[in-house]
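The lines below spell out each chain.
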Amino acid sequence: MPLSKLQFKPGINKEITKYSNEAGWNDCDKVRFRQGYPEKIGGWRRYGSNTFVGVCRSIHQWVSNSFVKYIGLGTNAKFYVEEGTIYYDITPARKSGSIGASSVSPQNGYIATTSGEKQVSIFDAGHGAEAGDTVEFSGITGGPYNGIPIGDLNTEHTIDAVVDVNRYKVTVATAADASSTVELQPNNGNIQATYMLTVGPDFQIPANGWESADWGAAGDSSNTWNGNAGNIEELRVWNQANYGEDLIIGPRGGELYYWDTGSATFDSAAKTATRAVTVKDVKNGAPVNLTKTSTGTILESVPYITAIDPAVGATIRVGAVVTCTTANRIAAGTVVVSVSTNNAVVNLNQNPINTGINPIQGLTYNFDNNPISVTENSRTITVFDATSERVYESGQHVTLAGATGVSTIVADKINARHKIATVDSASNTYTIDIANAEPASQSLSEGGGASVTAQYEVSAEVPVIQNNLLVSDASRFVFCFGCNAFGDATETLNPMLIRWSDQEDMFDWRPRSTNQAGDIQLSQGTEIVTTLQSRQEILVFTDAALYSLQYVGAPVVWSSQLMGSNMSVISSKAAAYANGVAYWMGVGKFYKYDGAVQPLRCDVRKFIFDDMNEGQQKQVFAGSLEEYHEIWWFYVSKSNTAKVAPDKYVVYNYAEDTWYMGTLDRSAWLDSPINDFPLAATNTFNLVEHENGTDDAQNETTKPIDAHITSGQFGIESGNSFAFVDKLIPDMQFLGSDTASPTADITLLASSEPGSSDNDPLSEGGNSSAEILSSNAVDQYTDQLDIRVRGRQMAIKISSNSEGTRWQLGTPRINMRPDGRRGS
């Protein structure tokens, strides 16, 4: 008989049986289809020699204005910026302050040691830390403390265990030589403890039931699972976007943070850089002294002060109340009427007090002393600031310091961070509502003293909790999806609310008639899951619908349109955008959006979703590979007992409408045009460059990639007769191989009945009802293979597991003839 061509439809089909899939491919791993033919995928190489801490679930790359390439990496434990293959820790601080003696914990600011051990206990009242968190100490002097040098303490530590609300344990480099509790000595009365953002879960933890927590765990007297209602321990997933050359980041369910690329400093030895700060806390310059102070000279009969510091004189307002730190020099009710002579002379409304000393030199004068006023029975203070050094608006934050108590509102309540409630520009005042203060027992028009300072912030009504963020291509609006509402004093997350900042102003989120900040409440679904920026719109995925946001200008600014409903998206990272089309994995199916929402035809759908660990669906993430027209989805399989990162993938080739899948441990993916190769985060806590080389160079030792593909079953005469194959002519090429002798294996798998196992074949050429195989090595010089295989059905398998090998299969031919019906 003439040779028969083995031609198979491109892509993997696991929706039908191997016997029904006679002209198709049934299974593969680390194989793709190009031009309709299977080939081994490219290898991967480690990106630098450094590692990071935690499971990375977010990668973002950008270039600064000075043409420096950066990569942002968000893990469950840290946030890093990579530069020059070094991962710099920029994790935001959750809390920072001094520790010392307190009424809450008399041993606050103490260390407890055990002789011979490196683990020590630190006392810090109300620390709020959890095991795995990071804390950094500075300002500890003296020592050593029971043999532990201060250099072991004034550094960054990972918290080993939390003892109680006031104590936790860390490990230092030097073992203690005594067992006792010792007071830490502060530098200038201040030991600084900076706690980094609390570590998030490294895999999805159900809210209750199995895996949520231990049965009858500590504090649970009901003999139930001690899970967290509301899924508080949601998987730690970071979102990140560029605002110009700067970076805006935020963990799902957390705050917005800002990293200023231009002013960042890097410590390559410590592998740390300037930390990201909350957007709501970005400072507006240095603190402003609300009372202006300067030395000067007065004459007893002339209404002016000379020799004023011109820098101070430039900020003194007309009408400012003038006082002197030396008594009986300035008459009560003296105010400024003008500032002249290059701001060095302050003209007054009345003469100084006659003292018989003329002139009086070197005295200190205060302008606008006591800038805080209050009304009886009110908790609202009015702050007077006419310095004009900073712009302040309603909704912005200010931190007051140096004030004395005003009426019955004590200094500790005033000297804190506040939100500005109202602003009266005409009178140069603003109000602050101090909800937890005692109401004023009397009205006072002047209070607070001469040392009040105001640290203004540039932000106004910035969301303090969000599930997703994005910076629009159109006019640079910063978006938060699923966030707290404007004016909500409880700062409660609304999972269907969208808010955006003013145009070209990431700090101003307070809607005004003079800006374009605003919000939209979506209706279909229970939460916004994820978003994508497309060419002309922002796509917003809820758990039940797809919306399109489009910029329409004031007064609406951004309008929403429902594009599809009765659909789903499986996780916050499960969508990707390529070639003008959005692709995503839903719950039980795949979708695409090209102007309309459509389900994707998928030949491996049932296999993938049956294989998926349903409790770890939040770990699903998508990425594009533009070079090969592919969308990759990674997921956690049921066989993955570790569960901390996906271990399998499925690929859709949108140019050829084909599907294939395989096994690979990855936790994040980025196909960036800035980098020469796609980047992926691995389970060995580093990055790798995909499609770089032919082998697995993830670790120091390079290993071959085990790749294979198996066809469906084919036969002769519709399977009525046995077939005998004695010759196979391979059609393979090895272009792109890194070795001079690349090889692959071609195996014929034969069986007598449909459904026979394709595992553990028994022999070559026999008639057993179990599978029979013939396996042969093929290289670039192989013309034909002489084989002996007999069976009712057969399948062909191509595999390779040698270093430096890359292959593509063409159209093999076999000599197959009927061989009777024995065994039928």
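In this report, the structure presented in the accompanying data block is examined. (Residues numbered from 1 in each chain as written. Predicted model: local features only at pLDDT ≥ 70, side-chain atom pairs only at ≥ 80, totals over all residues. Heavy atoms only, no water.)

## What about the overall build of the protein?
The following threshold applies: Secondary structure follows DSSP: runs of H or I at least 4 residues long count as helices, runs of E at least 2 residues long count as strands, and numbering of each begins at the N terminus. Three labels apply to residues, based on accessible area from a 1.4 Å probe with only protein chains included: buried if under 20% of the type maximum, exposed if over 50%, partly exposed otherwise in between. Any two residues having at least one pair of non-hydrogen atoms within 4.5 Å are treated as being in contact. Exposure was quantified through the Shrake-Rupley algorithm and a 1.4 Å probe, taking into account, for residues, occlusion by the shown protein chains and nothing else. We score Asp and Glu as negative and Lys and Arg as positive, and we do not count His or the chain ends. Charged side chains are reduced to one point each, which is NZ for Lys, CZ for Arg, CG for Asp and CD for Glu.
For the protein, the count of helices and strands is 4 helices and 68 strands. Buried positions account for 52% of the 824 residues belonging to the protein. At a minimum sequence separation of 6, the contacts of the protein that also span at least 24 residues come to 64%. Surface exposure of the protein reaches about 34300 Å², of which carbon and sulfur atoms provide 46%. In the protein, which carries 59 positive and 91 negative side-chain charges, the distance between the mean positions of the two groups comes to 6 Å.

## Section: the packing of aromatic side chains
Aromatic rings in a pair are described by how distant their centres are and how their planes are angled relative to each other. The criterion, for reference: Each aromatic pair joins two rings of Phe, Tyr and Trp (for Trp, the six-membered one) with centres within 6.5 Å, and gets the label stacked for planes under 30 degrees apart, edge-to-face for over 60, and tilted for any other angle. In this scheme, the term charge over a ring applies when either NZ of a lysine or CZ of an arginine sits within 6 Å of the ring centre and within 35 degrees of the ring normal.
Scanning all chains against the criterion turns up 39 aromatic pairs. Members of the aromatic cluster, joined through ring pairs, are Y583, F590, F609, W633, Y652, Y654 and W659. Here the guanidinium or amino end of K14 rests over the ring plane of F607, the centre of that ring lying 4.8 Å away.

## Things to note about the pairing of strand β44 (residues 538–542)
The line we're drawing: If DSSP finds at least two bridges between two strands, the strands pair.
Counting buried residues in β44 gives 5 out of 5 residues, a clear majority hidden from the surface. Here β44 shows a buried face lined by I538, V540 and T542 and a second buried face lined by L539 and F541. In textbook terms, the turn of a hairpin is the stretch between consecutive antiparallel strands, and for strand β43 (residues 528–533) and β44 this stretch comprises 4 residues. Across 4 bridges, the pairing between β44 and strand β45 (residues 545–553) is antiparallel. Directly across from L539, in β45, lies its bridge partner S548.

## What about the environment of G250?
Take G250: it is sitting in strand β21 (residues 246–251). Classification of G250 by relative accessible area gives buried; the value is 0%. For the pair G250 and V237, spaced 13 residues apart in sequence, the C-alpha separation works out to 8.6 Å. With near-sequence residues (within four places) excluded, G250 lies in contact with V237, W238, N239, E255, Y257, Q466 and L469.

## Brief notes about the nonpolar core
Which entries qualify depends on this criterion: Residues grouped as a nonpolar core are buried Ala, Val, Leu, Ile, Met, Phe, Trp, Tyr and Cys residues, joined through side-chain atoms within 4.5 Å.
The biggest cluster of nonpolar side chains holds 82 residues, and the ones touching the most others in it are W584, M585 and W633. Formed by 22 residues, the second largest nonpolar core is a distinct cluster that contains A403, I420, Y430 and V452.

## Quick word on the sheet that holds strand β57 (residues 687–690)
Strand order in the open sheet formed by 5 strands is β55-β56-β57-β5-β58, and the pairing between neighbours is mixed. With one partner strand each, in any of the chains shown, β55 (668–670) and β58 (696–697) form the two edges of the open sheet. Summarising the sheet, strand β5 (residues 44–46) and β58 pair through 2 bridges and their orientation is parallel. Looking at β58, one finds that R45 is bridged to A697.

## Section: the environment of G553
Here G553 is to be found in strand β45. On the accessibility criterion, G553 (12% relative accessible area) is buried. Here the alpha-carbon distance between G553 and I434, two residues 119 residues apart in the chain, equals 37 Å.

## Focus on the side chain of D611
Note that D611 resides in helix α4 (residues 605–611). If we skip the residues at most four places from it in the chain, D611 touches Y635, V636, S637, K638 and K648.

## Some points on the environment of I330
Tracing the sequence through the fold places I330 in the loop between β29 (322–324) and β30 (336–340). With 308 residues separating them in the primary sequence, I330 and K638 have C-alpha atoms 83 Å apart. Not counting residues up to four positions away in its chain, the partners in contact with I330 are V322, T323, C324, L348, I353 and Y365.

## Things to note about the pattern of salt bridges
We apply this condition: Should a side-chain nitrogen of Lys or Arg be within 4 Å of a carboxyl oxygen of Asp or Glu, the pair is scored as a salt bridge.
In the structure shown here, the tally under the stated rule is 27 salt bridges. Here R167 makes a salt bridge to D164, at a shortest N to O gap of 2.9 Å. On the basis of relative accessible area, D164 is assigned to the partly exposed category, the value being 28%. Note that R790 and D819 form a salt bridge whose closest N and O atoms lie 2.6 Å from each other. Of this pair, R790 sits in strand β65 (residues 785–791) while D819 sits in the segment after β68 (813–818), placing them 29 residues apart in sequence. The exposure class of D819 is partly exposed, given its relative accessible area of 23%.

## As for the sheet that holds strand β26 (residues 288–289)
Across the sheet, which stays open at both edges, the 7 strands sit in the order β26-β38-β35-β36-β37-β34-β33 with antiparallel pairing between neighbours. With one partner strand each, in any of the chains shown, β26 and β33 (372–374) form the two edges of the open sheet. The pairing of strand β35 (residues 396–401) with strand β36 (residues 417–424) spans 3 bridges and is antiparallel. Counted as the bridge partner of V398 is H418 from β36.

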